[in-house]
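Architecture at a glance
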Amino acid sequence: MSDKKVLVAGGGGFIGGHLTAQLRSEGFKVRCVDVKPTDQWYQVFDDVENVVADLKYLDACQAACESVDDVYNLAADMGGMGFIENNKALCMLSVLINTHLLQSAIEKKVGRFFYASSACVYNGDKQVCEDVIPLKEEDAYPALPEDGYGWEKLFSERMCRHFREDFGLHTTVARFHNVYGPFGTWDGGREKAPAAICRKVIHAKETGAKEIEIWGDGKQTRSFMYVDDVVTGIRKFIENDIAEPVNLGSDELITINGLVEMVEEIAGVKLEHNHNLSAPKGVNGRNSDNTLIKKYLNWAPGIKLRDGMEKTYEWIHGEYLKKHAQPA
Ligand code: NAD
């Protein structure tokens, strides 16, 4: 393996950082490319080629794909519901990243190409009830994805399919369902529910506040996948050359209110819940049907939410204390 070089596009991000750590440990030579300055990357490794470049541009993608065997495309302008509902055009511009990376992969004779899609591709009509039927891969069509972000993902999935069919590039697409864990966004507006809830509970605990705000009525249901599971899954998807988009998500369902209670238990506090019904809250219910991933891989994400949330809470708590530390 050690003679292989791989590109992690979006390597300065949450999942890209964890994937890079895994690829290094497996002996790959890694090139990480991200648009952010390296001091804003979640994880930076000295033995990795770290490049700052905007992958919306073809020439940056050509340089990034030079002499690499595999491409992992995790680069996207994205965030939680608060970001994607209010930045649809920015989300859609990520189509340039995947399109130019695919073109460059062909030109530079890359062997395999992984694309990170999302459960946001699924038809909204299938996600109106909290009492969900888990989403099967076929539920993406007829198409009615999340506006902006989901359309970009669905279109990019399709591009991957046609690059496989027309040009023989080994494209593999996983539809991630909510990923959480340490070394990710936990404040600033792009964070997702698990990190946002940890931060709010930590803030209440540290300041003595008695209540926290929850977006929506809290009855919306979701499944959340710990980041170690997504990294294991990504590696399995590319090694097994799965040719169709397949769910990569936990099927442990919980309501947002249930998640808040779990975090309160971890923190050892009980708070009043102030529901903001006009805040972005996404679909009412979503879960991952894992029949197809088990058929392909005889494996599915299985890390328990409580175990992952304890680690995530601990990390965010440390980051919160660092940020709010009083100068001596
Ligand atoms: P992230 O925001 O932490 O990472 C994405 C990275 O891409 C960021 O570091 C960002 O700076 C970089 N990027 C954005 N535009 C770029 C550009 N023009 N050129 C180069 N780099 C650019 O997000 P993440 O949670 O690590 O997500 C990784 C991938 O997984 C994304 O494609 C995302 O859509 C997908 N995904 C994530 C989740 C989740 O719950 N985290 C769920 C579904 C899908």
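Treat the numbers as computed from the prediction; the structure is a model and nothing was measured.

This part covers helix 7 (residues 193-207). For helix 7, which comprises 15 residues, the first-to-last C-alpha distance of 21 Å matches the rise-based estimate of 21 Å (1.5 Å per residue) to within 8%. Three or more residues of helix 7 are buried, namely Pro194, Ala195, Ala196, Ile197, Cys198, Arg199, Val201, Ile202 and Ala204. Summarising the contacts, the buried residues of helix 7 are in contact with strand 7 (179-180), strand 8 (211-215), helix 9 (256-267) and helix 11 (305-324). The positive-phi residue at the C-terminal boundary of helix 7 is Gly208, with phi of around 80°.

Take the packing of aromatic side chains next. Going through the model one piece at a time under the given rule, you end up with five aromatic pairs. Pairing Phe163 with Phe167 gives two aromatic rings, centres 5.0 Å apart and planes at 70°, and the pair type is edge-to-face. Taken as a pair, Phe163 and Phe167 lie in helix 6 (residues 149-167) at a separation of four residues, close to a single helical turn. For Phe163, a relative accessible area of 10% corresponds to the buried category.

Next up on the list: the side chain of Arg235. Tracing the sequence through the fold places Arg235 in helix 8 (residues 227-239). Setting aside residues up to four positions removed in sequence, Arg235 forms contacts with Leu19, Gln22, Leu23, Glu26, Phe28 and Tyr72.

A separate point is the domain arrangement of the protein chain. How big an interface is tends to be stated in terms of accessible area lost as the parts join. Splitting the protein chain by domain gives domain 1 (5-180 + 225-248) and domain 2 (193-222 + 253-287 + 304-323). Here the C-alpha centre of domain 2 lies 27 Å away from the C-alpha centre of domain 1. Each side of the interface is counted separately: domain 1 has 16 residues, and domain 2 has 21 residues. In total, domain 1 and domain 2 occlude about 1,600 Å² of area from one another, counting both sides; carbon and sulfur atoms represent 59% of this. Of all residues in domain 1, the largest losses of buried area upon contact with domain 2 belong to Gln127, Glu130 and Tyr180, amounting jointly to 38% of the total for that side. Summed over the shared surface of domain 1 and domain 2, the number is zero salt bridges.

Basis of the calculations
Residues numbered from 1 in each chain as written. Predicted model: local features only at pLDDT ≥ 70, side-chain atom pairs only at ≥ 80, totals over all residues. Heavy atoms only, no water. Helix = DSSP H or I, 4+ residues; strand = E, 2+ residues; numbered from the N terminus. Expected span 1.5 Å × (residues − 1). Buried < 20%, exposed > 50% of the residue type's maximum accessible area, 1.4 Å probe, protein only. Contact = heavy atoms within 4.5 Å. Phe/Tyr/Trp six-rings, centres within 6.5 Å; stacked < 30°, edge-to-face > 60°. Domains from an automatic or database assignment. Buried area = accessible area lost by both parts, 1.4 Å probe. Salt bridge = Lys/Arg side-chain N within 4 Å of Asp/Glu carboxyl O.

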